[in-house]
Amino acid sequence: MNAALLDEFGVGDARERDESWRYSKTALRALSQQDFTRAEALSTLDAPLAARFDWPQTRGRRLVFINGSYSETHSDVGRIAAGVSVRHEDGQRLQLTLTGDSAEPVHLVYASVPGAAATRWQASADLDLRAGRANVIEQFVGAAGADMLGVLHSRITIAPGAELHLTTLSDLPDSVSQYRRVNTTVAHGGVCRFTDAIFGGRLQRADLNIGLDGEGARFESRGAFVLRGRQHADTHLDIRHAARDTICDVLWRGVADQRARGVFHGAITVAAGADGADARLSNKNLLLSAQAEIDTQPVLEIYADEVKAAHGATVGQLDETALFYLRSRGVPVDMARSLLIAGFCREAFAGVADGDVRVRLDALLAERLPHSQFDQEGVAG
Amino acid sequence: MLKIENLHVRVAGKEILKGLTLDVGAGEVHAIMGPNGAGKSTLGNVLAGREGYEITQGSVTYNGRNLLELEPEQRAAEGVFLAFQYPVEIPGVNNTYFLKAAMNAQRKHRGETELDSMQFLKLVREKLRVLHISDDLMNRAVNAGFSGGEKKRNEIFQMALLEPRLAILDETDSGLDIDAMKMVADGVNAMRSAERGFVVITHYQRLLDYIVPDFVHVMVDGRIVESGDKSLALKLEEHGYAWIAERRLAGAA
């Protein structure tokens, strides 16, 4: 295989790289065989694409990157809070520093706009939460067309006692692939609540590395992927408990229909000396077709003495008894299926504190579900 | 209203119903009693249209139509309601939305106009008040985290809301304390009318002190072996199911 992308996205020695890409090797190989040239830095977007991130609630606090480059035209930073400082060196390296409480979210948008032939973009973001509480929304959108590959490297630093709510919403057309690496460190008493919603895409790989470096640091991860057609999503969580009394709580859901492929790898390591650590991981998946495939790998490595840990992973089908229950009350079969699938995913989104984002997630879920036949209020609860 | 004739049903290759015959007229309440494993729940599931039941012989006619050829949702729209022995927990699906969807799908099927949110909520409040159920039930996910009693109340509430013509209650009394059971019975009694039929499946006579049936049937090994009025339930209570078996043996000898 053309090793270029594996070298670029892989970490560790040859064996580790191979292992980490085990379930997505074919998809990566196909990408490696294509010649991606650098995507153009566009200044404007088509109205339908712009409409997808033009949320009234985040106007004045929105940073937009088109093909990895900062867009003056679409960004709107007029009402950004005093405690937030934004820099973007050479348009591609974002530095976001947050201090003090800012309840209003900062909305980061990464848009992929294809060219005539296959293109790729690359960007990086540093998110530095120095104190207080912050709410950040990260959104990935794309237009259909020639193949694209987007690459984003993020670094998140959470200071002692600070709390970050990060919601990532990635909804891509089948011609767009994406690689995200997020390296997060949480200092003592710090909290990171991360919700990740993944829809569509040709190959969406996310490597989420979290270091619970300070005593009492806490990481909560919620997420779901909803895939159909030949979409492929691969999420790797690598959580390291490096200090005493650190907590991680992971709850992910996956849904794959038709020939879609989903991968979830959740690794938790409790280092020697990280006594009192509490690690929980739950991953449940729904297969909606015989051709779909979901691979889930929970991995728990414990080197400390006093640790509470629980993990579980399942891959199953829609609950026939629940389906019958809904139908027996008069709900038509397609709608009953949609209700159940949405309810299944919604458990992962219930914790999103920002009401507006939660409503948008629900709406997107309803739209992207197989057999979608109902409006967004169906998943409220 | 409901006419079951010589019904034979297999589940996973095993014959469970072995020639069951039962007639339920409009306005009648029929109790079906019997020991565990007699096939009582199978009967309820077959009538509601659950998959996995193979009908090898016999027929079920409902208001002149072949009930067995209808999908579960069509049966519901035609007025058949099954209160589950074990109501299913569905996290993430809101009770109000689910019931509004169910009700409007039924109304659409019958050619009636669908209810808007205001009309629906007005109806919900009425029914909740009659049954003395708190409206916080409606804001929760379907049965998720409900106690056994709450689940059964929710079944009765759904029945009251959907106003079926044929209601089948599958061991709705099981696991209930006396107050919850009275509430269930009150819900059923309030709905008794000349147009509506009930099939009350129960293991114990106790429920029938509160829902007084017009007919009592004893089901053993996949068929009805004895039918009578409410006094049959009292005899069963006194002598146990062994009594029926002995009587059958004596009759055969």
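Residues numbered from 1 in each chain as written. Chains lettered and ligands numbered in written order. Predicted model: local features only at pLDDT ≥ 70, side-chain atom pairs only at ≥ 80, totals over all residues.

Section: the overall build of chain A
How we decide: Helix and strand assignments follow DSSP, with helices taken as H or I runs no shorter than four residues and strands as E runs no shorter than two, numbered in order from the N terminus. Here the radius of gyration uses the C-alpha set of atoms, whereas the globule reference equals 2.2 Å times the residue count to the power 0.38. Counting other C-beta atoms within 10 Å of a residue's C-beta gives its exposure: the residue is buried at 20 or more, exposed at 12 or fewer, and partly exposed in between, where C-beta atoms are placed from the backbone. Contact between two residues is assigned when their C-beta atoms, built from the backbone, lie within 7 Å.
When its secondary structure is counted, chain A shows seven helices and 20 strands. Relative to its length of 381 residues, chain A is compact, with a C-alpha radius of gyration of 20 Å against a globular reference of 21 Å. Overall, chain A is about 55 × 55 × 45 Å in size when its C-alpha atoms are taken along their principal axes. Of all 381 residues assigned to chain A, the portion counted as buried reaches 50%. In chain A, the proportion of contacts linking residues at least 24 apart, taken out of those at least 6 apart, comes to 80%.

Quick look at the sheet that holds strand β2 (residues 14-24) of chain B
Residue and element names in this part refer to chain B. The criterion, for reference: In this analysis, strands are considered paired if DSSP registers two or more bridges between them.
Across the sheet, four strands lie side by side as β2-β1-β4-β5; this open sheet has antiparallel pairing. Of all strands in the sheet, those with a lone pairing partner are β2 and β5 (65-66), marking the two edges. Bridge count for strand β4 (residues 53-62) against β5 is two bridges, and the pairing is antiparallel. Looking at the pairing, Y62 lines up with R65 of β5.

Thoughts on helix α7 (residues 355-368) of chain A
Residue and element names in this part refer to chain A. Cut-off, in case you're wondering: Each helix should span, by expectation, one fewer than its residue count multiplied by 1.5 Å.
With 14 residues, α7 should reach 20 Å at 1.5 Å per residue; the first-to-last C-alpha distance of 20 Å fits that figure. Buried within α7 are the following residues: V357, R360, L361, D362 and L365. Its buried side turned inward, α7 meets β8 (133-142), β10 (163-172), β12 (191-200), β14 (218-227) and α6 (333-349).

A word on the interface of chain A and chain B
Quick reminder of the rule: Residues are grouped as follows: nonpolar covers Ala, Val, Leu, Ile, Met, Phe, Trp, Tyr, Cys and Pro; charged covers Asp, Glu, Lys and Arg; every other residue, Gly included, is treated as polar.
Taken together, the contact between chain A and chain B spans 26 residues of the former and 24 residues of the latter. Mapped onto the side of chain A that touches chain B, the elements with two or more residues apiece are α5 (320-328) and α6 of chain A. Looking at the side of chain A that touches chain B, the element that brings in the most residues is α6(A), giving nine residues. Considered class by class, the residues forming the side of chain A that touches chain B number 14 nonpolar, six polar and six charged.

With respect to the confidence of the model for chain B
Our working definition: pLDDT gives the predictor's per-residue confidence on a scale running from 0 to 100.
Confidence in the prediction for chain B averages 93 pLDDT; 98% of positions are at 70 or higher. If you check the scores for this complex, the pTM reads 0.88 and the ipTM reads 0.96.

Here we look at the pairing of strand β15 (residues 232-241) of chain A
All names here are of chain A. By the criterion of burial, β15 is predominantly enclosed, with nine of the ten residues buried. Inspection of the sheet shows strand β13 (residues 204-212) paired to β15 by nine bridges, in the parallel sense. Counterpart to G211 in the pairing with β15 is R240. Pairing of β15 with strand β17 (residues 261-270), which is carried by ten bridges, proceeds in the parallel orientation. Within the sheet, the bridge partner assigned to H241 lies in β17 and is V270.

What to know about the sheet that holds strand β9 (residues 166-170) of chain B
Residues and elements named next belong to chain B. Test applied: Axes, fitted as lines to C-alpha atoms, cover a helix only where it is in contact. Angles between the N-to-C directions of the axes lie from 0 to 180 degrees.
Spatial ordering of the open sheet is given by β6-β9-β10-β3-β11-β12, a layout of six strands whose pairing is mixed. Whereas interior strands pair on both sides, the edge strands pair on one side only; in this sheet they are β6 (80-83) and β12 (223-228). Neighbour-to-neighbour, the strand axes of the sheet open up by a mean angle of 20 degrees, direction not taken into account. Where strand β3 (residues 29-33) and strand β10 (residues 197-202) come together, five bridges link them in parallel fashion. Following the sheet pairing, I32 is matched in β10 by I201.

So, the confidence of the model for chain A
One rule of thumb: low pLDDT means the predicted coordinates there are not for detailed reading. For chain A, the average pLDDT comes to 92, and 96% of its residues sit at 70 or higher. Segment residues 372-381 of chain A is flagged for pLDDT under 50; beyond a separation of four residues in sequence, or across chains, it makes 33 contacts in the model.

Quick word on the environment of A141(B)
Mapped onto the fold, A141(B) is located in strand β8 (residues 141-142). With 51 residues separating them in the primary sequence, A141(B) and I90(B) have C-alpha atoms 6.5 Å apart.

Let's talk about the domain arrangement of chain A
Accessible area lost upon the coming together of the parts serves often as the stated size of an interface. Residues and elements named next belong to chain A. Test applied: The split into domains, and so the bounds of each, comes from an automatic or database assignment of domains.
According to the domain assignment, chain A consists of domain 1 (4-318) and domain 2 (319-381). Of note, the centres of domain 1 and domain 2, computed from C-alpha atoms alone, are 24 Å apart. Each side of the interface is counted separately: domain 1 has 24 residues, and domain 2 has 23 residues. Those elements that place two or more of their residues in the side of domain 1 that touches domain 2 are β8, β10, β12, β14 and β16 (247-256).

Here's the deal with the packing of helix α5 (residues 148-162) of chain B against helix α6 (residues 178-191) of chain B
Residue and element names in this part refer to chain B. Under the convention used in this document: If an angle is under 35 degrees, it is roughly parallel; if it is over 145, roughly antiparallel; if it lies from 65 to 115, roughly perpendicular; otherwise it is oblique.
Running from amino to carboxyl end, α5 crosses α6 at an angle of 5 degrees, the nearest separation of the two axes being 10 Å. Classified by the angle their axes make, α5 and α6 are roughly parallel. On the side of α5, the interface is formed by G149, K152, R153, I156 and A160, while α6 contributes A180, M183, V184, G187 and M191. A class-by-class count of the residues in the contact of α5 with α6 yields six nonpolar, two polar and two charged.

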